[in-house]
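In case you want the letters, here they are:
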Amino acid sequence: MAQNILIVSSRANTGGGGEHYILNIVKRIDRKRYNPFVAIPGDGTLKAALEKLNVEVVQFDSYDYSLAPDKQWYKALSGIENNLHILTDFIHKNHIKLVHTNSNIRWEGVLAANLAEVHHIYAIRIDFDPDHYLYKRFKLSLPNFACIMSTLSTFVLSVSQNCTNSLCPPIPKNKIRTINNGIDQEHYDTLLNNESHSIRMELGIPLDSTLIIAAGRIVHDKGFDIYTDMAIEVTTAQPTVHFVIAGGHEDTQLYESLLNKISRSVARDNFHFLGHRNDIKKILVTADIFVLSSRHEGQSNALLEAMACQCAVIATRCSGVEDAIINLDSGVIIDVDDLPAMTTAITSLLDNPDELERYAASARQRITTNFKIQDKVKELMQLYDDALALPLPPKGSPIVRLFLNATNEIAMLGMKNIEFERRLQRVEHLADLIQFNFIIRCIRKIRNFLVNLNIASKPDKNKNN
C-alpha cells in the first residue's frame, strides 16, 4: 500500500526552481509506493499545475516575511499557529506518514510534522545567507540554523555538495543526503531535434548572430547587474552579439535600473528583457551561450536546462555549479561578481567557435550521464524509505512549543508597540496642532496684550511716594 507524503512548497506560483522540482517529483514518483500531497502558501499557479497531475493541494496563509514594515512581520508571526492547525489537521485527516519541506525558508512543515508526530525531511535548496530577512529577524547563525534542522528532522536533504559541506558539522554526516536536481533529457532531445528559432524571429535576431541568455527572477541574488555590465562591454567590441534576460521582474527597482542602464548604452539594440516566459526551454534551445551570474544558488535548474539544451555555459562559483560543471571541460566557472573574468570568458568563446561547440557538446553529455531526473527521483524515494524505516520522532518536541510561545509573545508585544507608537504620534500631532493653531496663537497674543495692559495701568507706588 502506498504511503502518503506531504511536500511543502515555499511559493504558490510556478516558475521558480523549487516549484519546478516539486512538479518533477510528483510526475515521476512511483504512486504504488508513495502518494504525494502538496501544501502551498496562498493561491497561485502551482495549484492548477498540481491538480492536472491528480495531486491534492492544501493551502495555508501566505504572509510577507520581509524586514519592513514591522507590522507585516508581526502579522506573519501571529499567523504561524493557525497555519500549523491547517497542516496538522490535513496530516491527520490524510494519514500522512512523512512531511518533506522543500525550502529552508519555510518552517511550517517541520513544526507541523513534529506536532503531528510524523517523520520530516528538510530540503536545503540554497546556501545559508546570514543577510536573508528571516535569519536577520531571528538572528540565526549557520550553526544554530543547522542544529535546529537536524534536531527537528529525520533527515536533511541537500541539493549540492557545497550546501552539504557547509552544514556538516554541525549536522552529522549520516543525517544529511546530497541529491542533485535532475533533468528529463529525452524532453530536451526532442526540443533540439525540432528547433524552431522562434525567439530569434520574435526579436528580429539574425540566425548567424550569437545569442547569449541568462534566466531567472530579476532580484539582486541573480547578479544581473554584472551580466548587463558584461553585455555592454562585449557589445562595444562585437556589435552583432545579442543578449537576453528571461525572468519575472520581482525587484521592480532593480529592473528599472537595469533597463535605464541598457537604454543609455551601446547595447540598447542588442539587449532584450523578455519578462516571465512559459517557453524558456525553447528559448534555451536556440541560444548559443548561457550565463549564470548568480551570487547565491542551491543548484540552478536553469543551468542544468541550458546544459541539456546544448548551450556553452559560463557560471559563477556558487552552490551546485561545481556539481554540474567540470571547469574548462563542460563549461567555464568564474568567481562571483568578477566582471572582467565574465567578459573575458564570453570574448574567448566568441573568438573561438570550435571551443564554444566543444563546451556545448560536453555540457549536454554531462547532463545525460549524471543528472537524469529518473535517477534523482529513485534516490529521493530511497531517502523516504530510509526515513520511514526509523522509529517515529518523540512526542511533542519542547522546541516546537517554545518556538510557538516565543513567536506569539513577540507578535503580541510587537503589535502593542506599534499601537503605542501610533497613539504617541497622535498625541504629538495634537500637541503640535494646539501649539501652532491660528486661533490658539491669537488667544495667546490677546492674553499677553491684556497682561501687559494691566501692568501698564497699575500706579507706580514708588513714584507716588
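Residues numbered from 1 in each chain as written. Predicted model: local features only at pLDDT ≥ 70, side-chain atom pairs only at ≥ 80, totals over all residues. Heavy atoms only, no water.

**Thoughts on the overall build of the chain**
Applied cut-off: Secondary structure elements are taken from DSSP: a helix is a run of H or I of four residues or more, a strand is a run of E of two residues or more, and numbering for both begins at the N terminus. Radius of gyration here is computed from C-alpha atoms only, and the compact-globule reference equals 2.2 Å multiplied by the residue count raised to the power 0.38. Per-residue accessibility, obtained with a 1.4 Å probe over protein chains only, is compared with the maximum for each type, and a residue is labelled buried under 20%, exposed over 50%, and partly exposed between these values. In this analysis, two residues are considered to be in contact whenever any of their non-hydrogen atoms come within 4.5 Å of each other. Exposure was quantified through the Shrake-Rupley algorithm and a 1.4 Å probe, taking into account, for residues, occlusion by the shown protein chains and nothing else. Think of it this way: Lys and Arg go in the positive column, Asp and Glu in the negative one, and His and the chain ends go nowhere. A charged residue contributes its charge at one atom only: NZ of Lys, CZ of Arg, CG of Asp or CD of Glu.
A tally of regular secondary structure across the chain gives 20 helices and 13 strands. By the compact-globule yardstick of 23 Å for 465 residues, the chain is too spread out, its C-alpha radius of gyration being 29 Å. Seen through its C-alpha atoms, the chain measures out along the principal axes to roughly 120 × 65 × 40 Å. In the chain, which comprises 465 residues, the share counted as buried stands at 49%. Excluding contacts between residues fewer than 6 apart, the proportion of contacts in the chain whose partners are at least 24 apart in sequence is 69%. As presented, the chain carries roughly 22900 Å² of accessible surface, and 52% of it is formed by carbon and sulfur atoms. Distance between charge centres in the chain, computed from 50 positive and 53 negative side chains, equals 10 Å.

**Examining the pairing of strand β4 (residues 96-101)**
Rules: When DSSP locates at least two bridges between a pair of strands, those strands are taken to pair. When the strands point away from the viewer, a crossover counts as right-handed if the route from the first strand across the helix to the second turns clockwise.
Summarising burial for β4: 5 of the 6 residues are buried, a large majority. Pairing geometry for strand β1 (residues 3-8) and β4, over 5 bridges, is parallel. Pairing of V8 across the sheet is with T101, part of β4. One ladder, built from 4 bridges, connects β4 with strand β5 (residues 119-124); its direction is parallel. Each bridged residue has a counterpart across the sheet, and for V99 the counterpart in β5 is H120. Running through helix α4 (residues 108-116), the crossover from β4 to the neighbouring parallel element β5 is right-handed.

**Observations concerning the sheet that holds β5**
Condition: In this analysis an axis means a line fitted to C-alpha atoms, helices contributing only their contacting stretch, and an angle means the value between N-to-C directions, from 0 to 180 degrees.
Pairing in this open sheet of 7 strands is parallel, and the strands run β3-β2-β1-β4-β5-β6-β7 from one edge to the other. Edge positions in the sheet fall to β3 (57-60) and β7 (176-178), since each has one partner strand and no second. Ignoring strand direction, the axes of neighbouring strands in this sheet form an average angle of 25°. Relative to β7, strand β6 (residues 155-158) is paired through 3 bridges, and the arrangement is parallel. Paired with L157 across the strands is R177, a residue of β7.

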